[in-house]
Amino acid sequence: MTRKLSYDLLAFAAFMLVIFLVVPTVYDYDGFELNTFARYLSLAIVALALSLSWGSAGLLNLGQAATFGIGSYAMAMHLKLRASDGLPDFMAWNNVETLPWIWVPFHSLGFTILAGLLVPAAVGGIIATFMFRARIAGVFVAVITLAFLVAFQLLVIDQQGMTGGQNGLTGLAQLNLFGWEVDTYSTAFYYLVAGCLMIALAVGLYVSHSKFGLILRAIREDAERTRFFGYNVASFETMIFCISAALAGWAGMLYVLVLEFASPTYMSVSFSLAIVIWVAVGGRESVIAAAIGAILVNALEGRLSDVFVEGWNLMLGVTFVLVVIFMPRGLFGLVTSMIKMATERVRIRSHRPHAIKPIKANSQSEGRR
Amino acid sequence: MSQLVIEKLHVEFGGLRAVDNFDLTVEEGEILCLLGPNGAGKSTTLDLICGKTQPTGGSIRFQGKELSGLLEYERARCGIGRKFQVPSVYKEMTVTENLSVAQSHHPAMWKALITFGRGDESSRRAVLDRVGLIEKANEKAGNLSHGETQWLEIAMLLTQDSKLILMDEPTAGMTIQETEKTADLFRQLRGSHTLIIVEHDMSFVRRVADRIVVMNRGAKLAEGSVAEIENNAAVKTAYLGH
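None of the values given here were measured: they were computed from a predicted structure. Along each chain, numbering runs from 1 in the same order as the chain's sequence is written. Here every chain gets a letter starting at A, and every ligand a number starting at 1, in the order they are written. The predicted nature of this model means local features are confined to residues of pLDDT at least 70 and side-chain atom pairs, given and counted, to a pLDDT of 80 or more, with totals for whole chains, interfaces and linings taken over all residues.

### Some words on the overall build of chain B
Only DSSP runs of H or I reaching four residues or more are called helices, and only runs of E reaching two or more are called strands; each is numbered from the N terminus. A tally of helices and strands in chain B yields ten helices and ten strands. Taken over the C-alpha trace, chain B has a radius of gyration of 18 Å; the compact-globule value for 242 residues is 18 Å, and the two agree within 12%. Buried means a residue has 20 or more other C-beta atoms within 10 Å of its own C-beta, exposed means 12 or fewer, and partly exposed covers the counts in between; C-beta atoms are placed from the backbone. Scored against the burial criterion, the 242 residues of chain B give a buried share of 45%. Considering only contacts within chain B whose residues lie at least 6 apart along the sequence, 66% involve residues at least 24 apart. Our radius of gyration is a C-alpha quantity, and the globule rule it is checked against amounts to 2.2 Å times the number of residues to the power 0.38. A pair of residues counts as a contact when their C-beta atoms, built from backbone coordinates, are separated by no more than 7 Å.

Structure (structure tokens):
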């Protein structure tokens with residue numbers, strides 16, 4: 001086992017302890033507070049999804065909100081169907097007389113969950129295939145995914161009869177999970193979301209510690225070189241886009257459960273950029289750090305946006321600029337460099353007896369460093 | 001049958017004929033040195049073999065298989081490895097991780113997805129031992145000296161274990177001792193691997209080359225053993241300009 005892996009497992013265990021024990025205790029198992037925190041946890045999943053493509057492979061996907069939105073709409077469609085007898089109310093207002101074929105299979109929860117994972121993965125995969133087979137990289141990936149996001153949001157708003165347009169999907173029923181009526185203000189629901197985050201984190205950790213993750217890092221550094229070792233770079237890049245998109249879709253489904261409505265703002269440019277900020281603050285190289293970044297920034301936003309209604313966005317922007325300038329590797333970079341400094345200090349201290357010895361021994365220990 | 005057969009190879013960059021009607025055959029297990037003045041098309045020839053550049057005409061056959069039209073990674077999978085003139089290693093990764101990337105006997109994406117961890121440790125240590133980087137196994141590649149970086153890239157190619165290895169100036173920036181060590185290593189590879197080496201250092205070429213091909217202005221000028229080339233009048237003219 002490499003040292004990096006043991007650090008990550010340690011961080012994973014500590015994070016799990018905090019999420020499963022400390023947070024519920026601090027909030028005194030209060031349903032309302034835990035519901036708010038569950039919202040942060042679902043956003044942590046979309047942040048870790050972005051860190052997989054951006055942090056590992058260096059592909060900045062500014063369209064992450066689109067795949068998040070697809071997942072959220074999939075879940076909202078299911079809950080809307082459960083809430084209505086036959087035709088959902090907004091369809092009647094839009095003179096839609098029969099249920100569109102695309103809505104029909106969403107009666108089934110199994111199909112909904114599969115669709116919430118696989119449709120985003122397919123959408124991500126299709127865009128990625130076109131981009132990466134043409135060897136598009138760097139800032140152009142960001143531009144293309146951003147353009148796709150804008151077009152996709154317009155499409156969703158435009159198809160009012162099918163998507164509820166600007167209003168989104170509201171008046172949703174509660175989820176019935178194997179006979180359990182999910183009360184989103186219960187502790188059990190909080191643990192459901194927390195469990196999902198942990199599984200998503202485990203997936204992310206597996207990916208980054210697999211050979212696949214290593215090749216992604218190789219691609220980030222020098223895609224050209226990696227090709228000459230026999231790796232089909234485009235297929236690796238496409239796959240990480242699919243995985244990242246599926247996780248984003250999963251996060252979207254949970255997000256709808258927490259908030260009990262779906263809105264086209266989930267697919268907005270500002271939401272997509274917000275994800276980038278969370279990941280940058282946490283540190284894009286580590287999935288755990290990205291998740292923590294999302295939780296921290298959102299918790300701060302929850303507290304501060306009440307106090308500074310107008311100024312909050314400005315503060316968020318300034319934070320982002322400061323992070324990019326002074327902590328380009330985010331909190332993760334800060335913590336790792338502190339650990340490094342601490343171990344270095346311990347090593348120097350343990351070397352001190354040699355330093356008193358004649359000059360020869362001293363120069364040897366210098367050379368070793 | 002020869003391992004590599006190049007026929008009438010041709011490439012133009014905006015009117016400039018970098019490689020012009022070039023023929024070359026390479027036998028399995030031999031060490032071939034490509035010589036020539038600057039701009040003779042040596043590196044371009046290597047680029048054409050490994051797929052970095054696509055030819056405008058001619059054919060390259062490796063073990064009977066036509067390479068033109070294949071992408072870089074497909075050629076690498078056929079058994080062609082490449083060392084670049086500017087040492088290109090992954091600077092942000094440790095030496096061990098660099099070798100893990102090079103360990104690419106199963107380069108398919110799905111295979112990588114189900115492989116956890118860093119792969120075969122013992123073979124990596126053997127290679128590091130061979131090139132003398134064993135002490136630096138956990139060092140970041142970016143912290144290595146220039147000579148060590150060259151060694152690391154050679155170690156990566158040994159790990160990749162390609163049948164045909166293309167080396168572009170492998171000893172550039174090395175000390176005399178390091179160069180000698182490289183020559184020894186290359187001679188050990190003779191027989192099991194085919195090497196095509198672009199090199200300017202004649203003492204190095206004398207030590208390793210089975211055969212020399214001299215290029216000038218994209219075409220083959222002379223071909224033969226070390227002694228034959230050193231006494232070739234046309235080669236002297238090309239190098240000295242008289």
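Anyway, onward from the coordinates.
### Topic: the overall build of chain A
Across its full length, chain A carries 15 helices and two strands. In summary, chain A has a C-alpha radius of gyration of 23 Å against a globular reference of 21 Å for 369 residues, a match within 12%. Taken over 369 residues, chain A has a buried fraction of 44%. Taking the intrachain contacts of chain A between residues at least 6 apart in sequence as the baseline, contacts between residues at least 24 apart amount to 80%.

### Notes on helix 1 (residues 42-50) of chain B
The buried count for helix 1 of chain B comes to nine of nine residues, which makes it a mostly enclosed element. Those residues of helix 1 of chain B that sit buried are B:Lys42, B:Ser43, B:Thr44, B:Thr45, B:Leu46, B:Asp47, B:Leu48, B:Ile49 and B:Cys50.

### Here's the deal with the interface of chain A and chain B
Listed by partner, the interface residues are 21 residues for chain A and 25 residues for chain B. Listed by contribution, the elements that provide at least two residues to the side of chain A that touches chain B are helix 9 (211-227) and helix 10 (233-259) of chain A. Each residue is assigned to one of three groups, with Ala, Val, Leu, Ile, Met, Phe, Trp, Tyr, Cys and Pro labelled nonpolar, Asp, Glu, Lys and Arg labelled charged, and all others, Gly among them, labelled polar. The residue makeup of the side of chain A that touches chain B, split by class, is nine nonpolar, six polar and six charged.

### Notes on unusual backbone geometry
Residue and element names in this part refer to chain B. The phi dihedral of aspartate 161 is positive, around 60°, even though this residue is not glycine. Given 17 C-beta atoms within a 10 Å radius, aspartate 161 is considered partly exposed. The phi dihedral of glutamate 169 is positive, around 45°, even though this residue is not glycine. Counting through the fold element by element, glutamate 169 comes out in the loop between strand 7 (164-168) and helix 7 (176-189). Here glutamate 169 falls in the buried class, since 20 other C-beta atoms lie within 10 Å of it.

### Some thoughts on the domain arrangement of chain A
According to the domain assignment, chain A consists of domain 1 (3-328) and domain 2 (333-369). Residue ranges for the domains trace back to a domain assignment, done automatically or taken from a database. Placing a centre on the C-alpha atoms of domain 1 of chain A and another on those of domain 2 of chain A gives a separation of 43 Å.

### Quick look at the pairing of strand 7 of chain B
All names here are of chain B. Along strand 7, five of the five residues are buried, which leaves the element largely enclosed by surrounding structure. Pairing between two strands requires that DSSP report at least two bridges joining them. In this structure, strand 6 (residues 80-83) lies alongside strand 7, joined through four bridges in parallel fashion. Residue pairing for strand 7: arginine 82 is matched across the bridge by leucine 166. Pairing analysis gives five bridges linking strand 7 to strand 8 (residues 194-198), with the strands arranged parallel. Directly across from methionine 167, in strand 8, lies its bridge partner isoleucine 197. Crossovers are marked right-handed if the path from the first strand over the helix to the second runs clockwise, as seen with the strands pointing away from the viewer. Handedness of the strand 7-helix 7-strand 8 crossover: right-handed.

### Describing the nonpolar core
Residues and elements named next belong to chain A. Counting residues in each nonpolar core, the largest one holds 172 residues, and the members touching the most others are Ala44, Ile45, Ala47, Leu48, Leu197, Ala251 and Ala291. Considering each element in turn, this core owes the most residues, 20 residues, to helix 10. Non-local contacts of alanine 47, meaning those with residues more than four positions away in its chain, are made with Ile275, Trp278, Val279, Gly282, Ala290, Ala291, Gly293 and Ala294. We call a set of buried Ala, Val, Leu, Ile, Met, Phe, Trp, Tyr and Cys residues a nonpolar core when their C-beta atoms link them within 7 Å.

### Topic: the sheet that holds strand 3 (residues 31-35) of chain B
All names here are of chain B. A sheet is described by the order of its strands in space; here six strands give the open sequence 6-7-8-3-9-10, paired in mixed fashion. Each having just a single partner strand, strand 6 and strand 10 (219-224) make up the two edges of the open sheet. Sheet twist, expressed as the mean angle between neighbouring strand axes with direction ignored, is 20°. Between N-to-C directions, angles cover 0 to 180 degrees, with each direction set by a line fitted to C-alpha atoms, over the stretch in contact for helices. Packed onto the sheet, helix 1 meets strand 3, strand 6, strand 7, strand 8 and strand 9 (211-216) and runs at close to 150° relative to strand 7.

### Regarding the pairing of strand 9 of chain B
Residue and element names in this part refer to chain B. For strand 3 and strand 9, the ladder comprises four bridges, and the chain directions are parallel. Its bridge partner lying in strand 9, cysteine 33 is registered against isoleucine 212. Strand direction decides the pairing type here: strand 9 and strand 10, joined by five bridges, are antiparallel. Bridged to methionine 215 within strand 10 is lysine 220. Connecting strand 9 to the antiparallel partner strand 10 that follows it, the hairpin turn spans two residues, and arginine 217 within it adopts a positive phi of roughly 50°.

### Quick look at the packing of helix 9 of chain A against helix 3 (residues 95-102) of chain B
Running from N to C, helix 9 of chain A and helix 3 of chain B cross one another at 100°; their axes reach a closest spacing of 10 Å. Of the possible angle classes, the one that applies to helix 9 of chain A and helix 3 of chain B is roughly perpendicular. Contact residues: helix 9 of chain A offers A:Leu214, A:Ile215 and A:Ala218, while helix 3 of chain B offers B:Glu97, B:Ser100 and B:Val101. By residue class, the composition of the contact of helix 9 of chain A with helix 3 of chain B is four nonpolar, one polar and one charged. Here roughly perpendicular refers to angles of 65 to 115 degrees, roughly parallel to angles under 35, roughly antiparallel to angles over 145, and oblique to all remaining angles.

### Some remarks on helix 6 (residues 146-160) of chain B
All names here are of chain B. Every helix has an expected span of 1.5 Å times one less than the residues it contains. For helix 6, which comprises 15 residues, the first-to-last C-alpha distance of 21 Å matches the rise-based estimate of 21 Å (1.5 Å per residue) to within 8%. Most of helix 6 sits inside the fold, with 13 of its 15 residues counted as buried. Just downstream of helix 6 lies aspartate 161, where phi reads positive at about 60°.

### Notes on the confidence of the model for chain A
Summary of the metric used: pLDDT quantifies the predictor's per-residue confidence within the range 0 to 100. Of all residues in chain A, 95% have pLDDT values of 70 or greater, and the mean over the chain is 88. Taken together, the stretch residues 355-369 of chain A has pLDDT below 50 and engages in six contacts with residues farther than four places along the chain or on a different chain.

### Details of the domain arrangement of chain B
All names here are of chain B. In terms of domains, chain B is made up of domain 1 (1-78 + 196-242) and domain 2 (80-161). Its C-alpha centre places domain 1 at a distance of 27 Å from the equivalent point of domain 2. Listed by partner, the interface residues are nine residues for domain 1 and five residues for domain 2. For the side of domain 1 that touches domain 2, the elements supplying multiple residues, two or more each, are helix 1 and helix 2 (72-78). Taken together, the residues that form the side of domain 1 that touches domain 2 break down as six nonpolar, one polar and two charged.

### Structural notes on the environment of B:Phe22
All names here are of chain B. By secondary structure assignment, the location of phenylalanine 22 is in strand 2 (residues 16-26). Given 23 C-beta atoms within 10 Å, phenylalanine 22 falls into the buried group. The spacing of phenylalanine 22 and glutamate 7 is 15 residues in sequence and 6.5 Å in space, taken between C-alpha atoms. In contact with phenylalanine 22, other than residues within four places in its own chain, are Ile6, Leu9, Thr45, Gly218, Ala219 and Lys220.

### Things to note about the sheet that holds strand 5 (residues 65-66) of chain B
All names here are of chain B. With antiparallel pairing, four strands are arranged side by side in an open sheet as 2-1-4-5. With partners counted over all chains shown, the strands left at the sheet margins are strand 2 and strand 5, one partner each. Both strand 1 (residues 4-13) and strand 2 contribute to a ladder of seven bridges, which runs antiparallel. Bridge pairing in strand 2 links valine 5 to threonine 25. Together, strand 1, strand 2 and strand 4 (57-62) form the strand contacts of helix 1, whose direction differs from that of strand 2 by roughly 65°.

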